[in-house]
Every structure is written in C-alpha cells, then in structure tokens.
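Structural overview
Below are the chains, spelled out letter by letter.
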Amino acid sequence: MPGKQTIVLFFLLNTALSLLFSPLLHAKAFDYIYITASEGNASGGHTALRFDNETYHFQYYAGGIIRLVKDSSTDFDFQYRFLENRTFYQATLDLNERDYAQLHDHFNLRFLQQQQQDAIRKEINLNIELLSNQAQHLQLNIQGAGLFTDNIIPLKAESLTIYSLQEQIKQKYGADFLTDSIEQLKSEIKTLHPEPWPKNSLQFSEGTFSAIPYSFASRYLDTVSKLLLLEAIQNGSYLNQQFYFSPEQSVFSLSQSEITALKSLQQLLTHNLLTLLGSQRPGWSSAAFSLYARILSLALAIDSRKFVFLDTFRESSPSISYAEVDRYKTKFLIQKKQTLSRITQLKAELFTATNRLSEKAYGELEIHSNYYFERERGLQSKQGFRISGQQLLATRSIPLPTELYPRLTKLQRETSLARFAAYQINIDQQMQSLYGYDLITRNCVTEIISTINQVHTNNKQIKELSQLTDKDLIAFIPFGSFHGLSDDYSKQILPSFRHQQLQAMYREENNAVVFFREFNTLSASDYKFNDQDASFLIFTDDNILLRPIFGSINLLVATTISVYGGLALPFDSGKALKDGTMGILMSLPELAFFNIRKGSYKHLIPAN
Amino acid sequence: MQIKPFLFPVVIIISLAQGCSFSESSKSSSNSSGSSSKSSGSSSSSKSSADTEEYQLQVISYSSAYLTTANFDRVAFSRGISQIATANGITNWEDDEPTMIAIGRALKKADITGSVYETYKAEIANSDADRMKLIQKGYEMNKD
C-alpha cells in the first residue's frame, strides 16, 4: 500500500506535468490554403487562413483597396471550391492552444477593426445623402416600416391583436403614452442638427478599433423610425399582404399543440415589444417593426391554423430570370424537395412538449420556408425568383417620407455638407494609405503574412510563416507562398467540384466513356454554359499533357467567336466580342501548359 | 502543384496579370447556397446550442475588441451589439440571457476589473438588477 505522502507526491507531480504539457496536449490545427486560379477573378490564385469554421482572407475592393474578410468555412468552400470550381491546396499546422488562440484572436481583431472603419465611412455617406436630400438612396430608408399598410380591409384576427397590444401599452405606460411620445418625437426631430465629430473618430490606424459616432443622420432616421412605429401602432396599421405568405402543403398546417406553442411565442414577442417601447438604447425601432409584424403574422397563423410567414428576403436579394430557372429546373426541384423535408424535420424538432419555441428558432423555420416558397412559387407560376438573401427578421423598408426631411437652414446644410465631404476625403486618403492594393507588395498573400507578423509570439512556426515573403522570392504569388511553406505542414489537395464529380464517375463508370463525355463543355454532365465564363470547348484543368492541344482548340473556338462578335457588334452591344476576347486570353496560357479557366457552376445543391 | 521549373517565368507573368480575389456584391458566399449552412442534419437542441454559442462568440469578439481598444460609450457600444443581435434574429437583446452573459464574458476577457467593471456593467445593463446579474454570471464563467 503506498503511503499518504507518496500519493500526495504523485498527485502533485501529475498536476505539475499536466500544467506543463497541457498546451501541447491540446494542439489545434490551422490551415494555410492556396486556391487555384480562376477566370476573371484571380488569375494568380488566392490564399486564405482557416481557423476551424472561420476562414480569413484578403479581398480586393473597388477603389483599389484590399480588406480582410471573414467567412464561415462552409460558405467559403461552397463559393470557391464548388461554385467557382477551384481546387484547394491545404497545408495544416498544429499549434498549441494558446498560440492558436492568439493568432485567431489577432485576425478576428483586425477584421473587426476594419469592419468598424467601413461602418464609419458608411456613416459619413449616410449624412451626405441625408443632407443632400437624396432620399431615394437605399441607406435612407426606414427599415421595417414597409411591412405595414393602412389601405386594406383588415382581418379580424389582426384587428383583435392590435387592439390587445394597444391595451397592454396603455396598461404598462399609461393611457396617453402613444400620443405623448409621438408629440415628443415630432418636437425632437425639429431640434436635431448636424455637429462636428470628435477628431479621434476620424483617425484610422491598422490597430485602432474606432467607435462609430451616433451621427446626425442616424439619430434623425432612428427618431423618424420610432415616430412611424408608434403611429403605426396607434393607427392600427395592418400587415401588407404582399409581404406575407402561407404555403399550401400539409406540413404547414398547425395542430392544436402547435397553435398553443405559437400563442406562447406571441406572448413572449409582445412582452419584448412592450419592453422595447421603453428602451433607452438607440435604434430599437427597426427591431420593433419586425416584432410587431411577426406578432401579427402569428395572429393570422393561429386564426387560420396554418403557418403564415413574413417575407424575410433582403430588398437587395439577387434574383434570376425564368429562363435561368427553366435551365436549372432539375436542381431547383431537388432544392425545393430537400428544403421541404428539412422544414418537416425542423417543425418536428421545434414543436415538442419540452421545447419552448424561441424567437430565433422560429426565425430559422421562417428562413427555410421563404427559401422553399420562393422556389415553389417561381416554378409553379413560371417566373423568376430571388435566389438567396433570406434573413432571420423581416425588414421591408420605405423611403424617408418627404414631409419628414430635415428642416435645416441653407447655411447649416451647406456647412455640414462641406464638413462631411472633407471627412470623406480624409477617410478615403487614410484607407488608401493603409490598405491600398499593390500587385507585389500588398496583395492577398503579403497581407496574410504581415498580419501574422504583427502577432507577438515566440512560437517558431508562426515566426517562420511571418517571414515567408522575405525568404522566398515568389512567395508573394499565392501558389509561390504555398510552395515556400516548410515541411512541418501536412499538405493535402481538396479537389474542386468537377474533379470530385470526375473521381466518382471514373470509379463507377467506364473510363473511356467518362473521358469522352466529360472532357468537353457540350456533353459534360453538370456543366451548363455559365454567363460568367468566357466560351470554351474543352476543360484543361485535368489534362496537363494534352493541355496545349486542347488549349489550341479553345483558342480556335474563341477566335471564331471573336470574329463573329466583331460582325455582331451592332446587334449585341459587343457581348460576343468581349466573350471571344476573354476566351482567347484564357486559352493562351493553356498553350504553355498553364491553366486558369476552370468553368464555374451555378445553383449547386449544398449537400453535394 | 507539379509545375516544371522551366515554366516558372510563364507562370509568374500570368500570375502577375491579376492577383487575388476581388469582392463584388453578386459574388456573395451565400449566392445559391440558400440555406446551406442552416440545413445540417444535426438535432434541434445541439444545433440550437451551437448557434447560441456562435452568437455569443460574435458578441464576445465585438465587445472585447471594443472594451480593449476604444473609449467606452454606451450608445456606440449598444449600436454594435444591436447590429449583431438583429442579424442573429434577436430583437430585445437587453433582456436576452445569452447576450448579457456574453457581454460579461467579454468584460472578463478584456480584463476590465474593479470600479471600471462595475461602472460598465451598470451602464450596459441600464442599472437593471436582473441584467447586471446576468453580466456578472458571464464574468464569473471564466472562459472566453
């Protein structure tokens, strides 16, 4: 039997060793990714740094600046590896938990700092637009106010809910709350005027996290938004029928227990709305508009015993024409079917006896239903539809009403405009100086390396990585940087969408059949001529030896299209000529065994 | 990556022609993916807790960056939180437990202590006792 002293000694030793080596025991991997070249987007390839489910990369922006972007790793893969069909070369390095966290936090901080700087620039533009009375600009809209109208015959369920809400407001804040608050806001609007910003909010540096000033324009729009919200509640405005829907399928019917759950959610949301009406925080009214709309849509759902969802698509959501819908019909039908099945599953999970339905969970169901219904409606009625852009909250907006434009003197307006114009010039100069793109010295590789270089660490591997562009002459080019990585990294290739498809086909079918079907764009299984690709006939990204021969054929095709484009110039605004010229440019490197063009894809099903 | 050395000059010339990826509004990562990241087959409870953790990490990131490097201003700070909350489908974040806990965790991560911590806590919670309790709870969780 070991003595008590021995046990204590063993325990202490064990603890000390654990503390000493625990960071090494909990190693975490981060990835350096080289993304192969692509037509018209990044002929030199691209690079990114991946921390588990977050991927950081530097992108070129209009105005000649390069900015840090953070994407979810799933979205990044889907965009680059699937839709853009580009192969990833991934190098993985294990770091101890502390160094990993330090590196990750540093990238995240840089991202947030840049995001704040962008927001300040946006805030300046907002003020310029408001002061110039450019009320048609998207930024000057009152978010959420567009969900309501006074010009319809109300449904009984809505009327009752609005009445109940008005009564609860009276109970909580007093009988005259709405009237008094509206009058107060009307007076407040008249007193608002632009003021100079603190100097420090306009001083950018790479390491500064600048607070965004609550400027005149934001205050003004927030106050107008509150005013319109309170008026909508006081006047008993109803949901605009254009912005809600109730799908027919049986999965959208509600059982008694589901109705009870929705009633409970409606109570929770009403409580939240009542709280927001008394909130001191700025800009709560757009959230309150969304809440009010959801409370009414729930009333309609409870009354009709069928889900009634708000249209949660962003107003700037990208949409496609019916010609494109028809072209990719099979894919959309599969997407629709898969989403309906996901909705069924989600509904079953959310409406359980033990689960209290939350605002966010309901929002998830609403997002899926929007995605489904948009496809269902487009396919049924043979019309184009919005392809993405659903949000967790509905935010349909209206332009700032002309009668509510700021009433400033001419002098006030001109002085303020001049001041904001000067701010804008100042900020643009700083942005250009801090983030100006340069092909060799400040690109997507050099920025990753210099950001790593800013981390104060003793970790040998991080230090080595931070010196990559100093040591290797071609490391400023994405593939060169990957080539220059040390052997400490475990490297792997993550094939592009087409290569994955080909691998599967070669496994399952006759190789010759697959080759002759898939080597060209006319008979390839999944590829349809994407308007983002210049015309080409033969894929060359998987045929290195045959590349110059295939490239010559592509060159011939592109030249023919260019000649045709020259003749068709008066009729197609130069589209074919541009297409052919780009085709020639993309074919020339193929003659020298180099491939840029991959052929991109659209509307893939994420599960692929 | 098997590029012959004699081809390097060609590769470099071509690579130099255009570098890196550029941002364009139509090239959003959500383009066509629709509900890609929201269509996982994970169970509702595990997905919900992962979503909450993800949301809390966003709040912690923003709050700790703000509290570490910027002068505290309640209005400016709140606007940032409101933006994150709304994007995550949360309308009344001041009474939302995960949000307040995340702010408490951020105060700890930013190493805000003593009377400064008490002042920030009271200001963010608008001196509401329940909200302050939640911030304290997050502060004492001792994880970032």
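Structure shown above.
The present account deals with the structure reproduced in this document. The residue count restarts for each chain, going from 1 along the sequence in the order it is written. As they are written, the chains are lettered A onward and the ligands numbered 1 onward, keeping that order. Residues qualify for local features only when their pLDDT is at least 70, as the model is predicted, and side-chain atom pairs are given and counted only at 80 or more; totals for whole chains, interfaces and linings, by contrast, use all residues. Remark: hydrogens and water are excluded; side-chain values derive from all non-hydrogen atoms of the structure.

**Let's talk about the overall build of chain A**
Looking only at helices and strands, chain A has 20 helices and 14 strands in total. Between buried and exposed lies partly exposed: a residue is buried under 20% and exposed over 50% of the maximum accessible area for its type, with that area taken using a 1.4 Å probe on protein chains only. For chain A, the residues scored as buried account for 55% of the 608 residues in total. The criterion used for residue contact is that any of the two residues' heavy atoms lie within 4.5 Å. Residue pairs in contact within chain A that sit at least 24 positions apart in sequence constitute 76% of those at least 6 positions apart. Surface summary for chain A: the accessible area is close to 27,600 Å², and the carbon and sulfur share equals 56%. Secondary structure counts use DSSP, requiring at least four H or I residues in a row for a helix and at least two E residues in a row for a strand, with both numbered from the N terminus. Accessible areas in this description were obtained via Shrake-Rupley with a 1.4 Å probe; residue shielding takes into account the shown protein chains only.

**Describing the overall build of chain B**
A count of helical and extended segments in chain B gives six helices and zero strands. Sequence-ordered secondary structure for chain B, helices as α and strands as β, is α-α-α-α-α-α. Looking at chain B residue by residue over its 144 residues, the buried ones come to 48%. Sequence-distant contacts in chain B: of pairs separated by 6 or more residues, those separated by 24 or more amount to 62%. Carbon and sulfur atoms make up 51% of the accessible area of chain B, which totals about 6,500 Å².

**Focus on a nonpolar patch on the surface**
Patch membership is restricted to residues that have no salt bridge and whose relative accessible area is over 30%. Joining uses 9 Å for like charges and 5 Å for the nonpolar side chains Val, Leu, Ile, Met, Phe, Trp and Tyr. Salt bridges, as used here, are contacts in which a Lys or Arg side-chain nitrogen is within 4 Å of a carboxyl oxygen on Asp or Glu. On the surface, a cluster of nonpolar side chains totalling about 380 Å² of accessible area is made up of Leu545(A), Leu546(A), Ile549(A) and Ile553(A). Structurally, the position occupied by Ile553(A) is in helix α19 (residues 547-572).

**Observations regarding the packing of aromatic side chains**
Between 30 and 60 degrees the pair is tilted, below 30 it is stacked and above 60 it is edge-to-face, where a pair is any two Phe, Tyr or Trp rings, Trp via its six-membered ring, whose centres lie within 6.5 Å. Scanning the model with the defined rule gives 47 aromatic pairs over all chains in all. Each member of the aromatic cluster is reached from another via a ring pair, and the members are Phe78(A), Phe82(A), Phe497(A), Tyr527(A), Phe529(A), Phe536(A), Phe539(A) and Tyr601(A). By the criterion adopted, a ring carries a charge over it if an Arg CZ or a Lys NZ lies within 6 Å of its centre and within 35 degrees of its normal. Across the ring face of Phe539(A), the terminal group of Arg498(A) is positioned such that the distance to the ring centre comes to 3.8 Å. In this structure, Lys108(B) packs its charged tip against the face of Tyr139(B), placed 5.1 Å from the ring centre.

**Thoughts on unusual backbone geometry**
All names here are of chain A. Positive phi, close to 60°, is recorded for Arg305, a residue that is not glycine. Note that Arg305 resides in the loop between α8 (285-304) and β10 (309-310). On the accessibility criterion, Arg305 (40% relative accessible area) is partly exposed. Positive phi values are uncommon outside glycine, yet Lys382 reaches one of about 55°. Residue Lys382 is classed as exposed on the basis of its relative accessible area, which comes to 55%.

**Considering the sheet that holds strand β14 (residues 490-494) of chain A**
All names here are of chain A. A pair of strands is treated as paired once DSSP finds two or more bridges between them. Across the sheet, six strands lie side by side as β4-β3-β2-β1-β5-β14; this open sheet has antiparallel pairing. In this open sheet, the two strands that pair with only one neighbour each are β4 (65-72) and β14. Taken pair by pair, the neighbouring strands of this sheet meet at an average axis angle of 25°, ignoring direction. In terms of strand pairing, strand β1 (residues 28-35) meets strand β2 (residues 46-51) through five bridges, oriented antiparallel. Note on geometry: axes are C-alpha line fits, over the in-contact stretch for helices, and angles between N-to-C directions span 0 to 180 degrees.

**Structural notes on the packing of helix α6 (residues 216-235) of chain A against α8(A)**
When two helices pack together, you describe them by how their axes are tilted relative to each other and by the distance separating the axes. Residues and elements named next belong to chain A. Direction vectors running N to C along α6 and α8 enclose 25°, while the axes themselves pass 9 Å from each other. The angle between α6 and α8 places the two elements in the roughly parallel class. Here the hand of the crossing between α6 and α8 comes out left-handed. Contacts between α6 and α8 involve Asp222, Ser225, Lys226, Leu228, Leu229, Ala232 and Ile233 from the former and Ser285, Ser286, Ala288, Phe289 and Tyr292 from the latter. By residue class, the composition of the contact of α6 with α8 is seven nonpolar, three polar and two charged. Note that the term roughly parallel is reserved for angles under 35 degrees, roughly antiparallel for angles over 145, roughly perpendicular for angles of 65 to 115, and oblique for everything else. Take the far helix as the reference: if the near one is turned anticlockwise from it by less than a right angle, the crossing is left-handed, and if turned clockwise, right-handed. When residue character is reported, Ala, Val, Leu, Ile, Met, Phe, Trp, Tyr, Cys and Pro are called nonpolar, Asp, Glu, Lys and Arg charged, and the others, Gly included, polar.

**Description of the pairing of β1(A)**
Residues and elements named next belong to chain A. Extensive coverage of β1 is indicated by the burial of six of its eight residues. When β1 meets strand β5 (residues 88-95), the two strands line up antiparallel, connected through eight bridges. Among the inter-strand pairings, Tyr34 is bridged to a residue of β5, identified as Tyr89.

**Observations concerning the pairing of β5(A)**
Consecutive side chains of a regular strand alternate in pointing toward one face of the sheet and then the other. All names here are of chain A. Most of β5 is tucked away, with seven of its eight residues classed as buried. Here β5 pairs with β14 via five bridges, running antiparallel. Along β14, the bridge assignment pairs Tyr89 with Ile493.

**Observations regarding the environment of Arg386(A)**
All names here are of chain A. Along the chain, Arg386 turns up in strand β12 (residues 385-386). Sequence separation of Arg386 and Tyr60 is 326 residues, and the distance between their C-alpha atoms is 27 Å. What Arg386 contacts, discounting residues up to four positions off in sequence, is Asp311, Phe313, Ser317, Pro318, Ser319, Glu374, Arg375, Arg377 and Arg396. Polar contact is the term for a pair of N or O atoms within 3.5 Å; when the atoms are in protein, one must be able to donate a hydrogen and the other to accept it, and sequence-neighboring residues count only if both atoms are side-chain atoms. Within polar-contact distance, the side chain of Arg386 engages the side chain of Asp311 at 3.0 Å. Within the structure, the side chain of Arg386 is placed 2.9 Å from the side chain of Glu374, a separation counted as a polar contact.

**Some words on the packing of α19(A) against helix α20 (residues 575-591) of chain A**
Residues and elements named next belong to chain A. In the contact formed by α19 and α20, the axes pass within 6 Å of each other and the chain directions differ by 165°. The pairing of α19 with α20 is recorded here as roughly antiparallel in orientation. In the crossing of α19 with α20, the sense of the turn from one axis to the other is left-handed. Its residues placed into classes, the contact of α19 with α20 shows eleven nonpolar, eleven polar and four charged.

**Observations concerning the side chain of Thr395(A)**
Residue and element names in this part refer to chain A. If you trace the backbone, Thr395 turns up in the loop between β12 and β13 (398-399). Residue Thr395 is classed as buried on the basis of its relative accessible area of 13%. In this structure the side chain of Thr395 is engaged in a polar contact, spanning 3.1 Å, whose partner is the side chain of Gln391. Among residues more than four places away in sequence, those in contact with Thr395 are Gln143, Gly144, Ser290 and Glu315.

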